[in-house]
Amino acid sequence: MALTTRTLGRSGIEVSALGMGCWAIGGPWSEGTQPLGWGAVDDDESVRAVRRALDLGITLFDTADTYGAGHSERILGRALAGRRDEAVIATKWGHTFDEATRRATGQDASPAYLRRAVTDSLRRLGTDRIDLYQLHLADLSAPRAEALIGTCEDLVADGLVRAYGWSTDRPDRAALFGHGARHATAVQHALSVLRDAPDLLAVCDKYDLASVNQGPLGMGLLTGKYAAGSTLPRDDVRGMAPGWLEWFRGGRPAPEWLRRVGAVRAALTADGRTLAQGALGWIWARSGRTIPIPGCRTVAQVEENAAALDRGPLSPDQFAEVERQLAAVRAAALREADRPHWPSPMLPATRP
């Protein structure tokens, strides 16, 4: 069953049911010696990928000012030149960075920085408005987050922002914006067939928020591209995985997660979908509010992901079979050394 659009929470903004994550097209950047990008990137191919996504009906593009220290926003703006009205742009603020050295420098949760950040993002994106502006500080305290709501509302009133949200894996933080912020419309959080988020989905249901899903393909694990012997280069964030990145360790796929991919592969691909398409179909079947945003940096990746829209959500029988397989893996994990990684792995802190 084909799936084309979903509504971005209570904003009423219609978006494609599949978005494009733009972290990877930001290219290299770092925090000290820790790489935060996905290695070298071909900017011309990135532009082609964004434009191909538009051609295939993908309208939601999610980035952040800090990705590539501003580079992702600039490339997205270049790709959308002349086609801005076809796209819904989501970006984020909160982390600080040096564009010249492409280094992360910290964070700033002040209302004054929020105003500067939105102006800078508009300039890099080459647009007069941001459709979804998201707080990027996942663990920000409730009082400090509440202090930003008034400024967010002012930005909406000024026409610079259409709606806003929070990128966080913490249900209490998502509920704060959902309950107290008039034009808040989305929470961006981790969700994949390997890592469910029932509490966050419940918050989205309660407050009529969109569930924008980062990591829907497990940072590549659910593409089938990686095996136990795979290694990633040291200029890739996955090659020198920081503590908040659970999928990879020591430059290799984490074995406990590879086992789970193996457990669900047959069920996800039973009707002829690729593994990635099955993983996206699981997310759509999980909730009517979900909008996965798999990262892409090539035309080929965009085309494979976009083809999942034609197949739509997994059927109820397929979804049930995946859940049966996952239940068996969870039960086995209770007897394995990797038990702490399932079912509640460490929550990401402030990245991605």
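Note that this is a predicted model, so its numbers are computed, not measured.

Visitor: Teacher, can you tell me more about the packing of aromatic side chains here?
Guide: For any pair of aromatic rings, the description rests on two quantities: the centre-to-centre distance and the angle between the ring planes. Following the criterion strictly, the structure yields nine aromatic pairs and no others. Residues Trp23 and Tyr67 carry aromatic rings whose centres are separated by 5.9 Å and whose planes lie at 25° to one another, so their mutual orientation is stacked. Within this pair, whereas Trp23 is found in the loop between β3 (19-21) and β4 (30-31), its partner Tyr67 is found in the loop between β6 (60-62) and α2 (71-80), the two being separated by 44 residues in sequence. Note on Trp23: relative accessible area 10%, which makes it buried.

Visitor: Even after reading the chapter, I still don't get helix α9 (residues 299-311), so can you show me in this structure?
Guide: What sets the pattern is the α-helix's 3.6 residues per turn: residues three or four places apart point alike. By the burial criterion, the buried members of α9 are Val302, Asn305, Ala306, Ala308 and Leu309. Looking straight down α9, one finds its buried side chains confined to an arc of 130°; they lie on one side. Exposed and facing more than 90 degrees away from the buried side of α9 are Ala300 and Asp310. For α9, the elements touching its buried residues are β3, α1 (43-55) and α8 (275-286).

Visitor: Got a minute to help me understand the sheet that holds strand β10 (residues 130-135) in this structure?
Guide: Backbone-to-backbone hydrogen bonds join strands into a sheet, with any given pair of strands oriented parallel or antiparallel. If you trace the eight strands from one edge of the open sheet to the other, you get β3-β6-β7-β10-β11-β12-β13-β16, paired in parallel fashion. A strand with exactly one partner marks an edge of an open sheet, and here the two such strands are β3 and β16 (290-292). Across this sheet, the average inter-strand angle for adjacent strands is 25°, counted without regard to direction. Summarising the sheet, strand β13 (residues 210-214) and β16 pair through three bridges and their orientation is parallel. Residue pairing across strands places Asn213 opposite Pro292, the latter belonging to β16. Each of β7 (88-93), β10 and β11 (161-167) is contacted by helix α4 (residues 142-157), which is oriented at about 160° to β11, the strand it contacts most.

Visitor: Explanation requested: unusual backbone geometry in the structure shown.
Guide: Negative phi values dominate among residues other than glycine, just as trans dominates among peptide bonds. Phi is positive for Arg102, which is not a glycine, with a value near 55°. One non-glycine residue with positive phi stands out, namely Asp208, at about 60°. One can find Asp208 in the loop between α6 (198-207) and β13. The exposure class of Asp208 is partly exposed, given its relative accessible area of 33%.

Visitor: How do you make sense of the pairing of strand β12 (residues 184-190) when you look at a structure like this?
Guide: Regular strands place their side chains on alternate faces of the sheet. Burial analysis of β12 places seven of its seven residues in the buried class, which makes it a mostly covered element. Strand direction decides the pairing type here: β11 and β12, joined by four bridges, are parallel. The residue of β12 that forms the bridge with Gly165 is Ala186. Following the backbone out of β11, through helix α5 (residues 171-180) and into the adjacent parallel β12, one traces a crossover that is right-handed.

Visitor: Honestly, the environment of Arg78 in this entry has me stumped. Any pointers?
Guide: Its place among the elements puts Arg78 in helix α2. Each C-alpha atom, one on Arg78 and one on Ser46, is 9.9 Å from the other, the two residues being 32 residues apart in sequence. Look past the residues within four positions of Arg78 in its chain and what remains in contact with it is Asp43, Asp44, Val47 and Arg51. Within the structure, the side chain of Arg78 is placed 2.5 Å from the side chain of Asp44, a separation counted as a polar contact.

Visitor: I keep staring at the environment of His71 and nothing clicks. Help me out?
Guide: Among the secondary structure elements, His71 is positioned in helix α2. C-alpha separation for the pair His71 and Pro143, spaced 72 residues apart in sequence, amounts to 31 Å. If sequence neighbours within four positions are ignored, His71 has contacts with Ile25, Gly26, Asp43 and Arg102.

Visitor: What's the story with the confidence of the model for the protein chain in this structure? I'm lost.
Guide: Any residue range with low pLDDT should be treated as having predicted coordinates unsuitable for detailed reading. Across the protein chain, the average pLDDT comes to 93, with 94% of residues at 70 or higher. Counted against residues more than four places away or in other chains, residues 337-350, with its pLDDT under 50, gives 36 contacts.

Scoring rules and cut-offs
Residues numbered from 1 in each chain as written. Predicted model: local features only at pLDDT ≥ 70, side-chain atom pairs only at ≥ 80, totals over all residues. Heavy atoms only, no water. Phe/Tyr/Trp six-rings, centres within 6.5 Å; stacked < 30°, edge-to-face > 60°. Helix = DSSP H or I, 4+ residues; strand = E, 2+ residues; numbered from the N terminus. Buried < 20%, exposed > 50% of the residue type's maximum accessible area, 1.4 Å probe, protein only. Arc of directions from axis to C-beta. Contact = heavy atoms within 4.5 Å. Pairing = 2+ DSSP bridges. Axes fitted to C-alpha atoms, helices over the stretch in contact; angles between N-to-C directions. Right-handed = clockwise from strand over helix to strand, strands pointing away. Polar contact = N/O pair within 3.5 Å; in protein donor to acceptor, adjacent residues only side chain to side chain. pLDDT = per-residue confidence, 0-100.

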